[in-house]
Protein chains: 2
Amino acid sequence: MMKNTPRREDGLSRERIIEESIALLDSSGESGLTFRALAERLATGAGAIYWHVANKGDLLTAACDAIVARTLLAAPVADAAPQEVIRALALGLFDAIDAHPWVGPALTRAPLQMPMVRILERLGQQVRAMGVAEAGQFAAASALLSYIVGVSVQNAANAQMGRALGGDRTAILGEVASAWSALDADEYPFTRSIAAQFPQHDDRADFLAGIELILRGIAR
Amino acid sequence: MMKNTPRREDGLSRERIIEESIALLDSSGESGLTFRALAERLATGAGAIYWHVANKGDLLTAACDAIVARTLLAAPVADAAPQEVIRALALGLFDAIDAHPWVGPALTRAPLQMPMVRILERLGQQVRAMGVAEAGQFAAASALLSYIVGVSVQNAANAQMGRALGGDRTAILGEVASAWSALDADEYPFTRSIAAQFPQHDDRADFLAGIELILRGIAR
DNA sequence: ACCTGAACACCGTTCAAGT
DNA sequence: ACCTGAACACCGTTCAAGT
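The paragraphs below set out a description of the structure included in this document. (Residues numbered from 1 in each chain as written. Chains lettered and ligands numbered in written order. Predicted model: local features only at pLDDT ≥ 70, side-chain atom pairs only at ≥ 80, totals over all residues. Heavy atoms only, no water.)

### Brief notes about the protein's contact with DNA strand D
Line of reasoning, step 1. Looking at DNA strand D, there are 15 residues lining it, with T44 and H52 of chain A together with R36, Y50 and K56 of chain B nearest.
Line of reasoning, step 2. In the environment of DNA strand D, a phosphate oxygen lies 3.2 Å from a nitrogen or oxygen atom belonging to the backbone of L12 of chain A.
Line of reasoning, step 3. W51 of chain A places a side-chain nitrogen or oxygen 3.3 Å from a phosphate oxygen of DNA strand D. (Near = heavy atom within 4 Å. Polar contact = N/O pair within 3.5 Å; in protein donor to acceptor, adjacent residues only side chain to side chain.)

Written as structure tokens, this is what we have:
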């Protein structure tokens, strides 16, 4: 009666398909995930994949969920202060999405589903541990969730565009800065004034600064 | 020597192409924007569009920028307190992205480009007006930017999934709530505890609450 | 300078047919 | 129960040829 008996060592399975999808997404980006390319890697026909997976969206969400689950597993469950755990969770997700840029869009396309719920749960537990009143817990946890996912997705998009444009990070930041400096002086005073400091800024540090802002706001 | 002399009233132009793209995106979603469908609406051939637009990504970014520019134009420039202006900008963008859900992904795919810069500028001006020290202005403005765009994108994705699933908002929220209630009690205590209150929550209000959190953090 | 439309090289998905 | 692979209905993009 065991349901999970694999019939062949090398038989197709949802897990194998998801693993190969992740490999493909990591090496060739979102446009690299193709049923034909996947079928070739799995030494099978394109149609076979549909026996284990509903469609491409389902596959992408499943791959995304696998990354999120692993990331949260690696984060500390521990005895640290709730604020400390939230910082660790936030940084873990930031780095994971940076390492797997395709996770960003995938997360956005699967709103109230499993990957998001996993994150919400972990954040919510810590918000509760911070002693936030019952009525405010959802708002606090979802503000953190939105900020973490939002910033991470944007950061990954930046990095990906950088890679697409040739790779030299400092050169690209320099180009952005000089494009900003060339904007109209009357219409874009703020952007012009920060253009110079932009190439030196640290995305990770800014991200953490935002977390700090929100944590401070939650703690009143 | 006038550069902008249109040769025919009904001639193709970047502006006309962008307007029709927006109409197409609004009525049929992101998958509805097709060079063939667009060519039909414009009574021209698919290839003609490439004379005015580099590629599909360029077109999507331009359509997105048009929406963002209009939204910011409609927002108050006024004599109100900076916090008040930030709230108004935030809500305006939230509502615009809700009304044009395709703007979310489009914004994300055009990181440090024009649409984002427009928003950053407006927020930055207000952050400066709040009296934030020079060194902290970029971090504060970009935290606001990330939060606003991140939450709006997710909210629009939710709404869009709702529409795709049949439209009945309360029914869908109810289903999400009952799916959350059915999660494992040991692994998902937080999610289960908020499941009941979830269908009554107000996305817009939660969004504003998060803005308040960040503003409070910025003001120290 | 601008437009036409056929052609190219792809996609995701389905489905009869096999084992 | 699971896999095969051809076929279908699309895509974005290019490009010779026209005006």
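### Regarding the protein's contact with DNA strand C
Line of reasoning, step 1. Around DNA strand C sit 15 residues, and of these R36, Y50 and K56 of chain A together with T44 and H52 of chain B come closest.
Line of reasoning, step 2. Near-protein atoms of DNA strand C (within 4 Å) split between backbone and bases, with sugar and phosphate holding 52%.
Line of reasoning, step 3. Between DNA strand C and H52 of chain B, the relevant distance is 2.6 Å, taken from a phosphate oxygen to a side-chain nitrogen or oxygen of the residue.
Line of reasoning, step 4. For the surface near DNA strand C, the per-class residue count stands at six nonpolar, seven polar and two charged. (Nonpolar A, V, L, I, M, F, W, Y, C, P; charged D, E, K, R; others polar.)

### Thoughts on the relation of the copies chain B and chain A
Line of reasoning, step 1. Once turned by 180° and shifted 0.0 Å along the axis, chain B lies on chain A with an RMSD of 0.0 Å. Here the transformation between the copies is reduced to the relation of a two-fold axis. The rotation axis passes nearest to the C-alpha of G150 of chain B in chain B, at a distance of 1.9 Å.
Line of reasoning, step 2. Comparing interface residues between copies, 100% of those in chain B also sit at the interface in chain A, which points to an isologous, same-surface contact. (Least-squares fit on C-alpha atoms with pLDDT ≥ 70 in both. Contact = heavy atoms within 4.5 Å.)

### Quick word on the interface of chain B and chain A
Line of reasoning, step 1. Contact with chain B, which involves 50 residues of that partner, is made by 50 residues of chain A.
Line of reasoning, step 2. Between chain B and chain A, a total of about 4600 Å² is buried, with carbon and sulfur atoms accounting for 69% of that surface.
Line of reasoning, step 3. Broken down residue by residue, the surface that chain B buries against chain A is led by L112, F138 and F190 of chain B, which jointly contribute 17%.
Line of reasoning, step 4. Our count for the contact surface shared by chain B and chain A stands at zero salt bridges.
Line of reasoning, step 5. One can count eight residue pairs in polar contact (both at pLDDT 80 or more) joining chain B with chain A.
Line of reasoning, step 6. Secondary structure elements with two or more residues in the side of chain B that touches chain A: helix 6 (114-129), helix 7 (134-164), helix 8 (169-181), helix 9 (189-195) and helix 10 (203-218) of chain B.
Line of reasoning, step 7. With 16 residues, helix 7 of chain B is the largest single contributor of residues to the side of chain B that touches chain A.
Line of reasoning, step 8. Residues of the side of chain B that touches chain A, tallied by class, amount to 28 nonpolar, 15 polar and seven charged. (Buried area = accessible area lost by both parts, 1.4 Å probe. Salt bridge = Lys/Arg side-chain N within 4 Å of Asp/Glu carboxyl O. Helix = DSSP H or I, 4+ residues; strand = E, 2+ residues; numbered from the N terminus.)

### Some thoughts on the packing of helix 1 (residues 14-28) of chain B against helix 3 (residues 56-74) of chain B
Residues and elements named next belong to chain B.
Line of reasoning, step 1. Where helix 1 contacts helix 3, the two axes come as close as 9 Å, and the packing angle between them is 85°. If you check the angle between helix 1 and helix 3, you find them roughly perpendicular. Packed against helix 1, whose contacting residues are R14, I17, I18, E19, S21, I22 and L25, the element helix 3 presents D58, L59, L60, A62, A63, A66, I67 and R70 at the interface.
Line of reasoning, step 2. Looking at the contact of helix 1 with helix 3 residue by residue, the classes come out as 10 nonpolar, one polar and four charged. (Axes fitted to C-alpha atoms, helices over the stretch in contact; angles between N-to-C directions. Parallel < 35°, antiparallel > 145°, perpendicular 65-115°, else oblique.)

### Considering helix 6 (residues 114-129) of chain A
All names here are of chain A.
Line of reasoning, step 1. Here helix 6 is 16 residues long and its end C-alpha atoms lie 23 Å apart, about the 22 Å a rise of 1.5 Å per residue gives.
Line of reasoning, step 2. Among the residues making up helix 6, those that are buried are P115, M116, V117, I119, L120, E121, R122, L123, G124, Q126 and V127.
Line of reasoning, step 3. Just downstream of helix 6, G131 is the residue with a positive phi angle, here 90°. (Expected span 1.5 Å × (residues − 1). Buried < 20%, exposed > 50% of the residue type's maximum accessible area, 1.4 Å probe, protein only.)

### A few points about the pattern of salt bridges
Line of reasoning, step 1. Under the criterion given, the structure shown has 18 salt bridges over all chains.
Line of reasoning, step 2. Of the charged contacts in the structure, one is a salt bridge between E20 of chain A and R41 of chain A, with a shortest N-O distance of 2.8 Å. Of the two residues, E20 of chain A sits in helix 1 (residues 14-28) while R41 of chain A sits in helix 2 (residues 35-41), which places them 21 residues apart along the sequence.
Line of reasoning, step 3. A relative accessible area of 22% means that E20 of chain A is categorised as partly exposed.
Line of reasoning, step 4. On the basis of relative accessibility, which here comes to 42%, the residue R41 of chain A falls in the partly exposed class.
Line of reasoning, step 5. Across the pair R70 of chain B and E19 of chain B runs a salt bridge, and its minimum N-O distance is 2.7 Å. Placement of R70 of chain B in helix 3 and of E19 of chain B in helix 1 is noted, with a sequence separation of 51 residues between them.
Line of reasoning, step 6. Given a relative accessible area of 39%, E19 of chain B falls into the partly exposed group.
Line of reasoning, step 7. By sharing partners, the salt bridges in this structure join E84, R87 and E212 of chain A into a single network.

Remember, this is a structural readout, not a statement about activity or role.
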